[in-house]
Amino acid sequence: MGPDVPLLNDHKQEFLLKRFPQTVLGGPRFKLGHCAPAYVYVNQIILFLLPWVFGGIGTLLYQLNVLQDFYTAAVSGGLMLAAAIIVQATNLFARQKAASVERVHVHSTLTDEDEWEFSSCMGSETVKFIISGKKYIVNVIFHSILAGVLCGLGTWYLLPNRIASLYEGNIGGTVMIFIFGWMTVCIGEYSLIINTASETATYQALDTYEIVPLMRPFYIFVFIAVDLAHRFLADMPALTLANQILHIVFLCLPILWTLGILPPLDALFLWGMEQVLELGLGGSPMSSNLRLLAMFLVSVGTAIASYFIPSTLGVILFMTGFGFALSLNMNEIGLAFSHTVTNLLASSKFKNRSAYYKTQFGWRELMFSLTVLTFALLEASLLHSFLGSQAFSKTSLQAIMGYVLIVLLLATWILGEIQTVYLLGLFRNPFYPKDVMTVNVYMKKQKVLKKVGVLRRILLTLVSPFVMIAFLSLDNSLHHLPSIYISIGFSRSFRMVWQNTEHALLDMVMVSAVQLLMFSTDLWWNRSIDTGIRLLLVGIIRNRLFQFVSKLRFVLTVLLTSWTEKKQRRKSTATLITLNIVFFPVVLALVALSALLSSPLLPLFSLPVFLIGFPRPIRSWPGPVGATACVCPDTIYYQQMIPSLTTVLQSAFSVGSLGLCSPGSHYLCRFQDRLVWILVLERGFTYCCVNIKGLELQETSCHTAEAHRVDEIFEMAFEQEEHSHILSFNHHFGNILTPCALLPVKLYSDARNILSGIIDSPENRKQLKEDFINVLLWVLVQYCYEKTKTHRMLDRRPESMLESPPVEPPEVFSKQQNAAERSPWKDDDDGLSVESVDEWTDDSSLFDDEPRKKIPKSKGMPSREVTPRPFFSLPGSVEIHTTETELPEAASVNKLYKTVVLGLPAVDTGKQWGVIDLPPVKFTNLYSELLSIPEGWRTAPLPVTKLRDMKQRFPEEWYHFVLHQLDFSHLEGMPPNIHGDLVKDTALKDLYIQGVLPCCIAMFGIDDTVPSPGHIFRAYNGSLPWSVCLNWLTAKQELFQLALLAFRYSVKLMVDKASLGPVENFKELLNCLEEYHSDWHVGLVSEKEWQQAVLQEKPYLFSLGHDPNMGVYTGRILTLQDFLVQIGKLNSEAVRGQWANLSWELLYATNDDEERYSIQAHPVLLRNLTIQAADPPLGYPVYSSEPLHVPLL
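Computed from a predicted model, the values in this text were never measured in an experiment. (Residues numbered from 1 in each chain as written. Predicted model: local features only at pLDDT ≥ 70, side-chain atom pairs only at ≥ 80, totals over all residues. Heavy atoms only, no water.)

It is worth spelling out the overall build of the protein at this point. Looking only at helices and strands, the protein features 40 helices and 13 strands. Within the protein, contacts between residues at least 6 apart in sequence are counted, and of these 77% link residues at least 24 apart. (Helix = DSSP H or I, 4+ residues; strand = E, 2+ residues; numbered from the N terminus. Contact = heavy atoms within 4.5 Å.)

Given below as structure tokens:
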């Protein structure tokens, strides 16, 4: 679509124009979209100004010296409380009255299409329209009390005498603050008690517990709290100045609410805990809200506890030990401990469950952690005890440690940059392997870089932490305990050493460098604060500076690409760019303020119009990580590759090839049509926690355009030799994606081929029909052979004892017969008989090795004559007869066949149908009984003449070859000539003839014709055309599945023979079939077995498909092996900014148009891919993992 597609369609524009005034004023609905009576607007104005009226009464009483200030506040609050209760009671009464005569009205917050009919000033519809009411009675009471308190304290806060005293009697300022201050209070009160406004700062899609109404009153209470502190605490100049500033900012609260800068309460508290934990306590953002709360409380408790330890040595040991312990992956340690206890105490069936956790945190990790902790405690205690009292000087041991830290920082930075494909993201790394296409070549060229990465890992994991602990332990300010500042500063510093070693190293180098350069100067930096507080301030500055640079780069990218990308160039683009240039200081201030708040910079509708989004946790989304995804059949491919990808991420993160890995970092992986989005959730000592998402494989036009640009970026970095010369410039530097490395990941490659010329060839289709008999014969023999592996040896008995009672299958009669005469079909040379050895079931699994129960045989069973009884049959029916002399065992089996099947298709009257009531089978070999097929598979209703004709097609030589390949070494007492005896047993061969040939008729029909391509495709999918054997075959599901498997193997064999050449001999054919059985899954993508095969990591998968658009048949082959996956790092602030705009558009503007401008392809910002990667319901990744803890040791 063109760049001038509307940002909002006409309907959404009208809706936004109605919603925006409500947001500004706190909830009053003055623009309805249709004509309403005047009293609707008057009532809302009265309710809006009601707090001001009550506050004005209290203010007047105070100004007239009738009441003191706190009594004035009580009067105003009491009046407001009574009014709030009356308002809520009115709403409850109106709802109950309406519910008795009307159905419940369903209101959609996304469409807001309600049409209201007003009957009177106080009618139920009018009340329900103006007063939204509360869902819970508890909130009715709580919000009413809160409204009274807010009005009372607001009256106290805005007393004219109090305001005038703050600003030294400035009357003009006092009047302005009084008027607009009460406007702010009225907005907060209306949103709390009358009708909650739709907030531009929306974090949760649903407000289940009615928290949103508390947002605006909460911020009013914050300002009032500062004023109360100024009233009751000692006179502090800083507090007075803060109160004066906040009274002015108080007037701007409606603007801040409207712009969505102030966060909702849930996002505020999560963001606050995260910022305090990371910046003030040296921790890391957590992967879940519960972990964040627990870690915040423990970390605060640790910092406070260190203040009350009387011994300086005890404080050092406490800070060092707890700093190390809290930086570990406590979640995995707890899980490993619990599963270890379970493994020791519970039964053996639970023992295997802890195997996975051993790989996460086992004895090796435990011993390493205990060793590191022991040496850290020894080092800190010894240095503090014997050398820690020395004052800092340029020749002191602490200064020497500072020099060592500078060397370590440079070394680790250089070694880390060598691991990446681009130096500083700008120039091609000359040490990185060039033109790498295969895993083997890459691993050979990667050997040198791997050694460099190991060296960097050692420096960061072992050397740097101990040097930093030495630097901290030698600081003489630790001898000045107790001090709350020292406790906070050094608790954070000792933890940062392990929690985020790279950042701690940079902070200490900066502090050490400044201390060395300004050692002799008498500055506040050297005189008033200790090393711990210096590190805290430097850490905050470093964090905000990194964010500022990243946000500024994002701003420049949006500005430049809005003009350079032709498809992004709108009519208003030139005007917007001009305004950004003219007001660039304002834009720069917005970027700085956004970085200071650690909030996303929101490009409105993805245009160069920048707003400050509300601060939110680093995860950006409220729900549990990985809890939701748009699951589809493609999900399984991501699920399969995650374990292998997680494994290679361990080494990639630890060696530094992916750059600085910190919480909030985003990475994008690409392989063929797969796009993997990785978000780092938390980071600690020797571990990090990530969330991995898989994007859709069925690419839309926007998805394809951005994916093509991603391919170009990676191809230029890794594959094209002409762009791989020394220090070549990164032509895609402005893109938010910077290539980092190649990762060898075990996954499936997807190859799709058009089978034109293969499946269309009559010769190939004719050969398919012939191959099917061979393949099905091998499948049935293999099936029976697998049974013998767990089959007990038969008792040795005389051959006369091998006869089993016959089973009488259905008899088929012609329509002209009034009475049936038995005419058993029997070949002159080879008699087809049946013997039952095992009790078979139709639901057995393929090649099942479970033994079956044997039917007991009666010794000396007399032979019997079978005499039919005459009957009068229904036209087109099948009647089953048994004899009077049947044994109970045989009779019970024959009862299975006693049924009348109506509606069979008409057959030629001249054909003789076989009545397959066969005499007993007499095997000539004892072991033939083990390879016999089940009884029900020998009873196909076929014309006798057709069976005799098709018997000539049975591949006897192939049958003999297959039997000779069977290995019976697992059977005890096996005779040496067992294969020859099996081949000579004609009864066994006849059984397989009876099983194979009817399946062939069911698959291809009774006529000897070449199957069409459509027939092959439908049969491959299990949709067989009708034949005389179809109902018989489909009734025996196990045999049907075996026949279907054989047919699919035959199709795969046809494709292989056409592609790779013909099969020369039986040995080669057998090898192909054995390979299909062991290494291949041949089936349909839509089948559950296909997904199971992917998860079980079958080496190869094949599927036959049809493209209706092109009218061709296709073959899809998945191959499992190690492939090189390209990975790059994304600009995290660009991602957060686009996600913030997505949240605003969908949750506030409800702009869910699938063709909206902000979802169109943007090859530089990767806008469409970024939106896909958002958490549902705003985004639509097809896979999202739970938090994955990646060990980096």
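So, about the packing of aromatic side chains. The geometry of two aromatic rings is summed up by the distance between their centres and the angle between their planes. Scanning the model with the defined rule gives 41 aromatic pairs in all. Taking 5.9 Å as the distance between ring centres and 25° as the angle between the ring planes, the aromatic pair formed by Trp958 and Phe961 counts as stacked. Linking Trp958 with Phe961, this pair stays in helix H31 (residues 956-964), spanning three residues, or about one helical turn. On the accessibility criterion, Phe961 (19% relative accessible area) is buried. Through pairs of rings, three or more aromatic residues link up here, namely Phe324, Phe368, Phe466, Trp498 and Phe685. It is Arg570 that lies over the ring of Tyr1157; its NZ or CZ is 4.8 Å from the centre. The positively charged end of Arg1167 is found above the aromatic ring belonging to Tyr1157, 4.9 Å away from the centroid. (Phe/Tyr/Trp six-rings, centres within 6.5 Å; stacked < 30°, edge-to-face > 60°. Buried < 20%, exposed > 50% of the residue type's maximum accessible area, 1.4 Å probe, protein only. Lys NZ or Arg CZ within 6 Å of the ring centre and 35° of its normal.)

On the secondary structure map, Tyr432 appears in the loop between strand S2 (427-428) and helix H18 (439-445). Exposure remark for Tyr432: the relative accessible area of 2% places this residue in the buried category. Counting along the chain gives 13 residues from Tyr432 to Lys445, while the straight-line C-alpha distance between them is 8.3 Å. There is a polar contact of 3.0 Å between the side chain of Tyr432 and the backbone nitrogen of Leu742. (Polar contact = N/O pair within 3.5 Å; in protein donor to acceptor, adjacent residues only side chain to side chain.)

With that settled, consider the side chain of Glu706. Along the chain, Glu706 turns up in helix H27 (residues 701-718). One buried charged side chain, Glu706, makes no salt bridge at all; its nearest oppositely charged neighbour is Arg1167, positioned 5.5 Å away. Apart from the residues lying within four places of it in its own chain, the contact partners of Glu706 are Gln1160, Ala1161, His1162, Pro1163, Leu1166, Arg1167, Asn1168 and Leu1169. (Lys, Arg positive; Asp, Glu negative; His and termini not counted. Salt bridge = Lys/Arg side-chain N within 4 Å of Asp/Glu carboxyl O.)

Turning our eyes to something else, we now look at the pattern of salt bridges. What the rule picks out here adds up to 24 salt bridges. Notably, a salt bridge pairs Arg291 with Glu682, separated by 2.7 Å at the nearest N-O pair. Of this pair, Arg291 sits in helix H12 (residues 289-307) while Glu682 is found in strand S6 (residues 674-684), placing the two residues 391 residues apart along the sequence. Across the pair, Glu682 and Arg291 agree in class, each one buried. Between Lys551 and Glu1133 there is a salt bridge, and its shortest N-O distance comes to 2.6 Å. Placement of the pair is Lys551 in helix H23 (residues 531-564) and Glu1133 in helix H39 (residues 1132-1147), with a sequence separation of 582 residues. With a relative accessible area of 0%, Lys551 lands in the buried category.

Cis geometry marks the peptide bond from Pro1176 to Pro1177; its omega dihedral reads 10°. With respect to the helices, strands and loops of the structure, Pro1177 is situated in the loop between helix H40 (1167-1172) and strand S12 (1183-1184). In the Ramachandran plot, Ser606 falls in the positive-phi region, its phi being about 65° despite a non-glycine side chain. Along the chain, the position of Ser606 falls in the loop between strand S3 (601-603) and strand S4 (610-612).

Attention shifts here to a nonpolar patch on the surface. Taken together, Phe30, Ile45, Leu49, Val53, Ile57, Val75 and Leu79 make up a surface patch of nonpolar side chains, about 500 Å² in accessible area. When contributions to the nonpolar patch are tallied by element, the ones reaching two or more residues are helix H2 (38-63) and helix H3 (69-99). In terms of residue count, the dominant contributor to the nonpolar patch is H2 (four residues). Looking at where Ile45 falls in the secondary structure, it is placed in helix H2. (Patch = residues over 30% accessible without salt bridge, like charges linked within 9 Å, V, L, I, M, F, W, Y side chains within 5 Å. Areas by Shrake-Rupley, 256 points an atom, 1.4 Å probe, with all protein chains shown as cover.)

In this section: the packing of H12 against helix H20 (residues 484-499). Look at H12 against H20: their axes get within 8 Å of each other, and the N-to-C directions meet at 130°. Classified by the angle between their axes, H12 and H20 sit oblique to one another. Once H12 is placed against H20, the crossing between them reads as right-handed. On H20, the residues that touch Met295, Ser299, Ala303, Ser306 and Tyr307 of H12 are Ile484, Ser487, Ser491 and Arg495. (Axes fitted to C-alpha atoms, helices over the stretch in contact; angles between N-to-C directions. Parallel < 35°, antiparallel > 145°, perpendicular 65-115°, else oblique. Left-handed = near helix turned anticlockwise from the far one by under 90°.)

A few words on helix H37 (residues 1066-1079). Over its 14 residues, H37 runs 20 Å from end to end, which matches the ideal 20 Å to within 8%, given 1.5 Å per residue. Of the residues making up H37, those classed as buried are Leu1069, Leu1070, Cys1072, Leu1073 and Tyr1076. Around the axis of H37, the buried residues are gathered within 160° of arc, so they sit on the same side. Against helix H28 (762-788), H31, helix H36 (1037-1060) and strand S9 (1080-1083) lie the buried residues of H37. For H37, the capping residue at the N-terminal end is Asn1065, with a side-chain oxygen 3.2 Å from the backbone nitrogen of Lys1067. (Expected span 1.5 Å × (residues − 1). Arc of directions from axis to C-beta.)

In globular proteins that are soluble, nonpolar side chains generally tend to be buried together. Ranked by size, the top nonpolar core spans 90 residues in total, and within it Phe653 and Ile678 carry the most contacts. Among the elements that take part in this core, helix H26 (residues 635-655) stands out by supplying 10 residues, more than any other. Excluding its chain neighbours within four sequence positions, the residues that come into contact with Phe653 are Leu658, Cys661, Tyr667, Val680, Cys688, Val690 and Leu1192. Within the second largest apolar cluster, 83 residues are counted, among which are Leu931, Phe968, Ile978 and Ala1019. (Core = buried A, V, L, I, M, F, W, Y, C linked by side-chain atoms within 4.5 Å.)

Quick look at the packing of helix H5 (residues 137-157) against helix H8 (residues 215-232) now. One way to put it is that H5 packs onto H8 with a least axis distance of 10 Å and a crossing angle of 45°. One finds that H5 runs oblique with respect to H8. Pair H5 / H8 crosses with left-handed handedness. For the pair H5 and H8, the contacting residues are Leu146, Val149, Leu150, Leu153, Gly154, Trp156 and Tyr157 in the first and Pro217, Ile220, Phe221, Phe223, Ile224, Asp227, Leu228, Arg231 and Phe232 in the second. In terms of residue class, the contact of H5 with H8 is built from 13 nonpolar, one polar and two charged. (Nonpolar A, V, L, I, M, F, W, Y, C, P; charged D, E, K, R; others polar.)

Bringing the confidence of the model for the protein into the picture now. The predicted coordinates of low-pLDDT regions are not to be read in fine detail. Looking at the protein, pLDDT values average 82 and 84% of them are 70 or higher. Taking the mean pLDDT of every element in the protein, the minimum, 33, falls on helix H29 (residues 888-894) and the maximum, 96, on helix H25 (residues 584-597). Confidence drops under a pLDDT of 50 for residues 347-358, and excluding neighbours within four residues, the segment shows 12 contacts in the predicted structure. Within the model, the stretch residues 792-916 combines pLDDT values under 50 with 238 contacts to residues more than four positions away or in other chains. (pLDDT = per-residue confidence, 0-100.)

Let's shift gears to H8. Taking 1.5 Å as the rise per residue, H8 with 18 residues should run 26 Å; its terminal C-alpha atoms sit 26 Å apart, in good agreement. Within the sequence span of H8, burial applies to Met215, Arg216, Pro217, Tyr219, Ile220, Phe223, Ile224, Val226, Asp227 and His230.

Turning to its location among the elements, Leu166 is positioned in helix H6 (residues 160-166). Note on Leu166: relative accessible area 5%, which makes it buried. Apart from residues lying up to four places away in sequence, Leu166 is in contact with His230, Asn243, Gln244 and His247.

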